[in-house]
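Fold and contact review
These are the residues of each chain, in order.
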Amino acid sequence: MKIPSSIWTLLIGIVLTLASLWYGQNHGLLPAAATDEAVLVDGLFNAMMIVSTGIFLIVEGVLIYSAFKYRRRAGDNEDGPPVEGNIPLEILWTAIPAIIVIGISVYSFDVYNEIGGFDPHAIHEAPMNQESMAMPGSAMAATLNDTPPSTEPNLNQEKSDEAMQDPATAEVRNADQIPQLRNAPGVGSVAPTIGGTPDKAGKPAGLQVNVTGLQYAWLFTYPETGITTGEMHVPIGREVEINMTANDVIHAFWVPEFRLKQDAIPGRQSEIRFTPKKAGDYTLICAELCGPYHGAMRATVVVEPEEAFDKWVQEQLVASKETLNQAVAVSESPSWRFPAMGNSRTRRVNPADLSPNEFLAPYTKDMGIQPEILHQVHK
C-alpha cells in the first residue's frame, strides 16, 4: 500500500520537531550556569538552538533528497523542464524566516529587559568614589603622608617632600588620576549598563564592587570595607553590583558562567548586576583585544557561601591593617630592607633607588599580579 505524501510529510515533521527539541535542550555547548541571570540567557540560547537545528535538518534533508531523487540518470541527455518560478513558495519561504526572526527578536528583548539591561533612564547619581577606585599603591602612598604628627619641627614636611621626590611613590600616587575620576557626574559619564532586574529596580544591591581594568590586570575594590585585591569574592544569593571602568584602553568584563559581558571604557563608568547561585572558582576574561598580553589578562572570581565570604573579608581586613602598619614603619625609616636579588639575605636600599616594580612587589605578590603584568602597568 502506498502511503500518501501528506502522511510522510507529517511523520517527517514530527521526527524533525522532536529531534530539534531534544538537541536544543541537550547540546552541551554552554558551561555551568552560575548566576540567576544565566538561566534566562540559557533559555534564549536553547530556543535559538531548537530553531536552528530544525532549519538545518530541513534544508540539508531537502538537499540530500533532491541530490539522489533528481540526479542525472545514465543515458539521460535531455534538458530539464523549464521552471519560471512559484510565487506561493517564494512567499512562504520569505514569510517563515521573517516570523522566526521577529519572534527571536521579541524574546531577546524580553530577556535583555529581565536581566536589567533595558533602562533608558539609568544614570548614576554620583560618580565612583576616588578612594575606592584608586589602585592599592595609592593608599600606601597616602599612608606615607598621613603619619602621626611629629614633635620635631618640619620633620613631617621633610618626609612628605622626600616621598614626593621618590619616582616610584609619585607614579603610584598619579594612579589616582585615572580618567573616570576626573569626570564630574552627569550625562555622558555613564556607559550602557546591565542593571537590576525589574523586581529589584531602584533598590541598592547587596554588595558593591568597583572594578578597574588596566593592561593587563583586574583590580577589585570593596567600597564598604576599603578592601582592594586582585581576586574577586562574592557570596551566594546576594545581588552584586559591579561598577567598572578602565585605566588605559577598552577592556571587557566577561565570566562565561555568568552569561554577562560588559565593556570597561576609559573615562566612563559601566555597570553589571548579577546574583551568584553556584559556588566555585570562575575565570574572569578580558574579551576586548587590549594589547600584546591580552591573553594573560585574567582573574579569579570566587563564588562562595555567605559564611566563607565573611571570613574572607575579615582576613583581608587583617592583612590590610598589617600592610598599613608596615607602610607606617617604612615611612619612619630612612632606608628599607628588601630581599637581596638571588639569595635569602636582605639589603638596605633607599626608596628613591627603587623602580616602580620593586616598590610595589612586596604589596602585590599576594594579589595574583605577575611581575610582567606589573611591568606593563607602569610602562
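Caution is warranted with low-pLDDT regions, since their predicted coordinates should not be read in detail. Summary statistics for the protein chain give a mean pLDDT of 75 and a share of 63% for residues scoring 70 or more. The secondary-structure element of the protein chain with the lowest mean pLDDT is helix H7 (residues 167–174), recorded at 34, while strand E4 (residues 232–235) shows the highest, at 94. Considering only residues more than four positions removed or in separate chains, one finds that residues 123–190, a stretch of pLDDT under 50, has 109 contacts. Counted against residues more than four places away or in other chains, residues 340–346, with its pLDDT under 50, gives 10 contacts.

This next bit is on helix H2 (residues 36–69). Under the 1.5 Å per step criterion, the end-to-end length of H2 is 50 Å for 34 residues, consistent within 8% with the ideal 50 Å. Inspection of H2 places Glu37, Ala38, Asp42, Leu44, Asn46, Met49, Ile50, Thr53 and Gly54 among the buried residues, and these make up the whole buried set. Residues of H2 that are buried in the fold lie against helix H1 (5–25), helix H3 (87–114) and strand E8 (270–274).

Let us look at the sheet that holds strand E3 (residues 227–229). One open sheet accounts for five strands, arranged E3-E2-E1-E5-E8; its pairing is mixed. Looking at strand neighbours, the two that pair on one side only are E3 and E8, the edges of this open sheet. For this sheet, the mean inter-axis angle between neighbouring strands, taken without regard to orientation, is 20°. Here strand E2 (residues 217–222) pairs with E3 via three bridges, running antiparallel. The residue bridging Tyr222 from the neighbouring strand is Ile227, located in E3.

For the rest of this paragraph, the subject is the pairing of E8. Judged by how many residues are buried, E8 sits mostly within the fold: five of five residues are covered. The alternating pattern of E8 places Ser270, Ile272 and Phe274 on one face and Glu271 and Arg273 on the opposite face, and all of these are buried. With five bridges joining them, strand E5 (residues 240–246) and E8 adopt antiparallel strand pairing. Bridged to Asn243 within E8 is Glu271.

Leaving glycine aside, a negative phi is the common case for residues, and trans is the common case for peptide bonds. For the bond from Gln215 to Tyr216, the omega torsion is 0°, close enough to zero to count as cis. Position of Tyr216 among the secondary structure elements: in the loop between strand E1 (207–214) and E2. Of note in the backbone geometry, Arg259 takes a positive phi value of approximately 60° without being a glycine. Counting through the fold element by element, Arg259 comes out in the loop between strand E6 (251–255) and strand E7 (260–264).

Let's shift gears to the sheet that holds strand E9 (residues 280–286). Strand order across the open sheet formed by five strands is E4-E10-E9-E6-E7, with mixed pairing between neighbours. In this open sheet, the two edge strands, each paired with only one partner strand, are E4 and E7. Across the sheet, the axes of successive neighbouring strands diverge by a mean angle of 25°, strand direction being ignored. Bridge count for E9 against strand E10 (residues 298–304) is six bridges, and the pairing is antiparallel. What sits directly across from Asp281, in E10, is Val302.

Overall, the coordinates contain seven aromatic pairs when judged by the stated rule. Their ring planes at 65° and their centres at 5.6 Å tell us that Tyr216 and Tyr293 sit as a pair that is edge-to-face. Separated by 77 residues along the polypeptide, Tyr216 in the loop between E1 and E2 and Tyr293 in the loop between E9 and E10 bring together distant segments of the chain. The class of Tyr216 is buried, set by a relative accessible area of 2%. Centroid distance Phe258 to Phe274: 4.8 Å. Interplanar angle 35°. Geometry classified as tilted. Of the two residues, Phe258 sits in the loop between E6 and E7 while Phe274 sits in strand E8, which places them 16 residues apart along the sequence.

So, about the pattern of salt bridges. In the structure shown here, the tally under the stated rule is five salt bridges. Among the salt bridges present, the one from Glu306 reaches Arg238, with a minimum N-O distance of 2.0 Å. Of this pair, Glu306 sits in helix H9 (residues 306–331) while Arg238 sits in the loop between E4 and E5, and the two are 68 residues apart along the sequence. The salt bridge involving Glu241 is made with Arg273; its shortest N-O contact spans 3.0 Å. Taken together, the residues span a long stretch of sequence, with Glu241 in strand E5 and Arg273 in strand E8 at a distance of 32 residues. Each member of the pair, Glu241 as well as Arg273, is classed as buried. Salt bridges sharing common partners tie together Glu239, Glu241, Glu271 and Arg273.

The rules we used
Residues numbered from 1 in each chain as written. Predicted model: local features only at pLDDT ≥ 70, side-chain atom pairs only at ≥ 80, totals over all residues. Heavy atoms only, no water. pLDDT = per-residue confidence, 0-100. Helix = DSSP H or I, 4+ residues; strand = E, 2+ residues; numbered from the N terminus. Contact = heavy atoms within 4.5 Å. Expected span 1.5 Å × (residues − 1). Buried < 20%, exposed > 50% of the residue type's maximum accessible area, 1.4 Å probe, protein only. Pairing = 2+ DSSP bridges. Axes fitted to C-alpha atoms, helices over the stretch in contact; angles between N-to-C directions. Phe/Tyr/Trp six-rings, centres within 6.5 Å; stacked < 30°, edge-to-face > 60°. Salt bridge = Lys/Arg side-chain N within 4 Å of Asp/Glu carboxyl O.

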